[in-house]
Amino acid sequence: MQEYYKEDLAFIHDVGFNDYALKSAPGILEILAQHNIREGLIVDLGCGSGLSAQEFTKAGYHVLGIDISEPMIKIARARVPNAEFRIGSLFQVDIPPCNAVTSIGECLNYLFDPQSNCQTPINLFQRIYSALTPGGVCIFDIAEPGQVTQGITKGFTEGQDWVVLVEKEENPEQNLLKRRIITFRQVGEHYRRDDEIHYQRLYKATDIADELHRVGFQVEILRSYGEYSLPKAHAALIASKPKSDASC
Ligand SMILES: C[S@@+](CC[C@H](N)C(=O)[O-])C[C@H]1O[C@@H](n2cnc3c(N)ncnc32)[C@H](O)[C@@H]1O
């Protein structure tokens, strides 16, 4: 479990790419309030460095964060000491009884865990449905096909003591996105280089909504969390477990 979001990329994601989680949080808290979920446990799958957990605990919820990256969990534990964090794959861990499940920042698209390498994550949705209390809600976002419209794109982002270079290539036949990531982080007088390759399966929001319906959820597809508009070719899904569960 050490190959992805290793120490330097976890650090860079936390300091340089925290907007997505922090700007999504007010909209997510609004959705929870609209569903009358004002307290209790939120399980955050792919919690990263604990940015959402920090906002949810500030709002009075208990949070269990789960992430496959040990360096991400290390940052999360330091950031939010009053939340609980576990290292594990969201496709395999036990999800305890809870009022809400969140997964922010296209975590479900990643193919880090061979268990995720199936057509749609229906087993995960069944596990979430069983864990949620009636009236509970699962809020998550996904990357859809159309991340890279032509060929290969290359770009970079820099901070005070780091640079990250990203090359993206989409295979439209297989709905796969490959991201080659090179990081340089200053350590003393020198810059340390590291490399990661991330594969993601891209899902159409309507296909995911069909899977969620099949499991028993009521589903809404959004293009923003409150005032925060999601990036191009991203969708948020709000999956509610009915208050009276007809399948029981
Ligand atoms: C783009 S980051 C988002 C992190 C965080 N939710 C945020 O918004 O800042 C994606 C996260 O998903 C995690 N992840 C990917 N596949 C996973 C899996 N199978 N199980 C648990 N975590 C996973 C990564 O380690 C990473 O922390």
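This text follows the structure it describes.
Attention here is on the structure that accompanies the text. (Residues numbered from 1 in each chain as written. Predicted model: local features only at pLDDT ≥ 70, side-chain atom pairs only at ≥ 80, totals over all residues. Heavy atoms only, no water.)

With respect to unusual backbone geometry
Definition in use: Helix and strand definitions follow DSSP, with helices as H or I runs of at least four residues and strands as E runs of at least two, each counted in order from the N terminus.
Even without being glycine, glutamate 106 reaches a positive phi, approximately 50°. Tracing the sequence through the fold places glutamate 106 in the loop between strand 4 (98-103) and helix 5 (122-131). A positive phi angle, near 55°, is found at alanine 233, a position not held by glycine. Counting through the fold element by element, alanine 233 comes out in the loop between strand 12 (228-229) and strand 13 (234-240).

Side note on the sheet that holds strand 9 (residues 190-201)
Under the convention used in this document: Here a strand pair is declared whenever DSSP counts at least two bridges between the two strands. Lines fitted to C-alpha atoms define the axes here, with helix axes fitted over just the stretch in contact, and angles between the N-to-C directions of these axes take values from 0 to 180 degrees.
Taken together, four strands build an open sheet; the order of strands is 6-7-8-9 and the sheet is antiparallel. Of all strands in the sheet, those with a lone pairing partner are strand 6 (152-158) and strand 9, marking the two edges. Neighbouring strand axes in the sheet, compared pairwise and without regard to direction, differ in orientation by 15° on average. Two elements, strand 6 and strand 7 (residues 162-171), share seven bridges in a ladder whose sense is antiparallel. Directly across from glutamate 158, in strand 7, lies its bridge partner valine 163.

Some thoughts on the nonpolar core
Going by this rule: Note on terminology: a nonpolar core comprises buried Ala, Val, Leu, Ile, Met, Phe, Trp, Tyr and Cys residues joined through side-chain atoms within 4.5 Å. Accessibility here uses a 1.4 Å probe with only protein chains present; expressed as a share of the type maximum, an area under 20% marks a residue as buried, one over 50% as exposed, and anything in between as partly exposed. Should any heavy atoms of two residues lie within 4.5 Å, those residues are considered in contact.
Among the nonpolar cores identified, the biggest contains 31 residues, and Leu45, Ile95, Val101, Ile128 and Phe140 are the most heavily contacted of them. Those elements giving two or more residues to this core turn out to be strand 1 (41-45), strand 2 (62-67), strand 4, helix 5, strand 5 (132-143), helix 6 (205-215) and strand 13. If near-sequence neighbours (up to four positions away) are discounted, leucine 45 is found in contact with Ile66, Leu90, Ile95, Val101, Thr102, Ser103, Ile104, Cys107, Leu124 and Ile128. Formed by 25 residues, the second largest nonpolar core is a distinct cluster that contains Tyr20, Val137, Leu230 and Ile238.

Thoughts on the site of the ligand
What counts, and what does not: The criterion for a residue being near a molecule or strand is simple. One of its heavy atoms has to lie within 4 Å of it. What qualifies as a polar contact is a pair of N or O atoms within 3.5 Å, subject to a donor-acceptor requirement within protein and to the restriction that residues adjacent in sequence count only when both atoms come from side chains. Note that accessible areas follow from Shrake-Rupley with a 1.4 Å probe, and for residues the cover is restricted to the protein chains shown. Polarity classes work like this: nonpolar for Ala, Val, Leu, Ile, Met, Phe, Trp, Tyr, Cys and Pro, charged for Asp, Glu, Lys and Arg, and polar for all others, with Gly in that last group.
Close contacts around the ligand come from 21 residues, with Gly46, Asp67, Ile68, Leu90 and Ile104 the closest. Separating a nitrogen atom of the ligand from a side-chain N or O atom of serine 89 is a distance of 3.2 Å. Taking leucine 90, its main chain carries an N or O atom lying 2.8 Å from a nitrogen atom of the ligand. For the ligand, whose unbound accessible area comes to 600 Å², protein coverage reaches 97%. Across the shell around the ligand, the residue classes tally to 12 nonpolar, seven polar and two charged.

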